[in-house]
Structure formats: structure tokens, C-alpha cells
Amino acid sequence: MAIAIRKKRLRRWYVRPVNLLRGCLISTAHGLITDFRSLDDEMHLKYFRMNRNRFDKLLKLTEPLIKHAKTHALPVTAMQRLSITLRLLTSGDSVQTAAFHSRVSDSFVRNAVVETCKAIYTALREFVQVPETQEAWSKIESGFAEKWNFPNCIGALDGKHINIRAPSNSGSLFFNYKQQFSVVLMALVDDNYCFTMFDIGAYGRDSDGGVFSASAWVKH
């Protein structure tokens, strides 16, 4: 029986020529981040939805999980991986737009975002604390009353559609009112903007009320 041997496809280049410039200031993302960090913390906040100090703290927590060995002359640093991920999550841009903006490949962005999101979850999961006593819930209620003049409240709840590629044979399950495919992230925060609960993965077509009714919070 003859066995077909597949020839290995030769790469045209290891790094696309245009991406060789990502370490220079003419690289859009690199130049913006450098300017924000040194000159304008307000724009840093708008770009990443967090100020420079919080960014640095998150980088310190996640860097051991996303830092890779230097395997070629132009490695992507942990800071760049975190920057790409945060900008993609906060802006809702496409993977291709993020790749063009950062001078990396589409496949790199996909892999880096998945890896970095896992690292963020691992690093921060201990900071999401569900109150376990009546006293803890009462403290949150007092905070809403004193800080926000909103008594008898133990949390601010909202949902966010996370765009996805429609799974095979899923029909309209993930098709939302924005005419996009998504899963729903629903989160609860206390009076200090700290997350106390979150629920991820509901169908995009479900309403906030439907997601809440089917969540683990209600079931338990």
C-alpha cells in the first residue's frame, strides 16, 4: 500500500517584513502605549479602561504566566501581549484589526488573547470574593446607601455581549438583538466597583432577565 508523504510547506518569511517594524515607534500600538505611559495617563485610561498603575499591577501578576522564552530576534513581550488583549477586549475590534494595529499575525493575536485571558483569570480569581455572611452583605448595602444614596441595594448587575463566531449547528441560539453572535457575561459589583459574582456563557439571544433567572445565583 502506497503512503503519500506530504511535503512541508516552506515559509516565505519567518516574520512578515512590515511586522519587523513593530519594535519601532512607527508601530502604531507601540508608539501610542509609549506616549500614554510617559505623557498622558488620562488617555491610557481611555485606551485600556485602566490607568497605568493598575495596568502595571496586572502585568506583574500575569507576566510569569504569559512570558515566553526568546526564540527569535523579535519576540513579543508580556507587556505587548497584555496590551493587545486588553485593547481587543475593551474596543470590540476584530482580530485582524488588532493584528494590523500591533504588527503581528492574526493567528498570533488569537493565541495570545486566549492565553492572556486564562492568565488574567488565574491571577485574579482569588480577588473575586462572594460575601459569605449576612454582615458582609449588610456592609455592601450600607456602602451603596452612604456613597451612592441608593439604599437597600447589595449589588449593581449588568450584562455584556461577547462576540463570537457562531458554533456549528447552533441555529439562532447565539444570535442577539445587535444582529451578532455572542455569549453573555453577567457580573455583579459592590459599592467599590469590586466584582462579587459573575456568570459567563449564556446564549446571546437571552435577555438579561433570562440570563439572571437561569444563572447559578438564582439556582442556588
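Look up: the structure comes first, before these words.
The structure displayed is predicted, hence computed values, not measured ones.

About the cut-offs
Residues numbered from 1 in each chain as written. Predicted model: local features only at pLDDT ≥ 70, side-chain atom pairs only at ≥ 80, totals over all residues. Heavy atoms only, no water. Helix = DSSP H or I, 4+ residues; strand = E, 2+ residues; numbered from the N terminus. Expected span 1.5 Å × (residues − 1). Buried < 20%, exposed > 50% of the residue type's maximum accessible area, 1.4 Å probe, protein only. Arc of directions from axis to C-beta. Contact = heavy atoms within 4.5 Å. Pairing = 2+ DSSP bridges. Axes fitted to C-alpha atoms, helices over the stretch in contact; angles between N-to-C directions. Phe/Tyr/Trp six-rings, centres within 6.5 Å; stacked < 30°, edge-to-face > 60°. Lys NZ or Arg CZ within 6 Å of the ring centre and 35° of its normal. Salt bridge = Lys/Arg side-chain N within 4 Å of Asp/Glu carboxyl O.

It is worth spelling out helix α7 (residues 134-148) at this point. Taking 1.5 Å per residue, 15 residues should reach 21 Å; α7 reaches 21 Å between its end C-alpha atoms and fits that length. Considered for burial, the residues of α7 that qualify are W137, I140, G143 and F144. One face of α7 carries all of its buried residues, which in axial projection span an arc of 110 degrees. For α7, the exposed residues set more than 90 degrees away from the buried face come down to Q134, E135, K139 and E146. Tucked into the core, α7 has its buried residues touching β1 (156-163), β2 (182-189) and β3 (195-203). Positive phi appears at N149, one or two residues downstream of α7, with a value of about 55 degrees.

Taken in spatial order, the 3 strands of this open sheet run β1-β2-β3, and their pairing is antiparallel. In the strand order of this sheet, the two ends are held by β1 and β3, each with one partner. Across the sheet, the axes of successive neighbouring strands diverge by a mean angle of 20 degrees, strand direction being ignored. Where β1 lies against β2, 8 bridges are found, and the strand directions are antiparallel. Directly across from I162, in β2, lies its bridge partner V183.

In this section: the packing of aromatic side chains. Per the counting criterion, the structure on display carries 5 aromatic pairs. Summarising the aromatic geometry, the rings of F48 and F55 are spaced 5.1 Å apart at their centres and angled 40 degrees between planes, so their arrangement reads as tilted. This pair shows no difference in class: F48 is buried, exactly as F55 is. Three or more aromatic residues joined by ring pairs make a cluster, and in this case those are Y47, F48 and F55. Sitting over the ring of Y47, R87 keeps its end group 4.4 Å from the ring centre.

Within a regular strand, side chains alternate between the sheet's two faces. Burial of β2 is extensive: 7 of the 8 residues sit out of reach of the surface. Pairing of β2 with β3 involves 7 bridges; the strand directions are antiparallel. Paired with V184 across the two strands is A202, which belongs to β3. Connecting β2 to the next strand, β3, in antiparallel fashion are 5 residues, including Y193 with a positive phi near 70 degrees.

Tallying each qualifying case throughout the model produces 3 salt bridges. Salt-bridge contacts for R81 lead to E115; the nearest nitrogen and oxygen are separated by 3.4 Å. Separated by 34 residues along the polypeptide, R81 in helix α4 (residues 78-91) and E115 in helix α6 (residues 106-124) bring together distant segments of the chain. For E115, a relative accessible area of 24% gives the class partly exposed.

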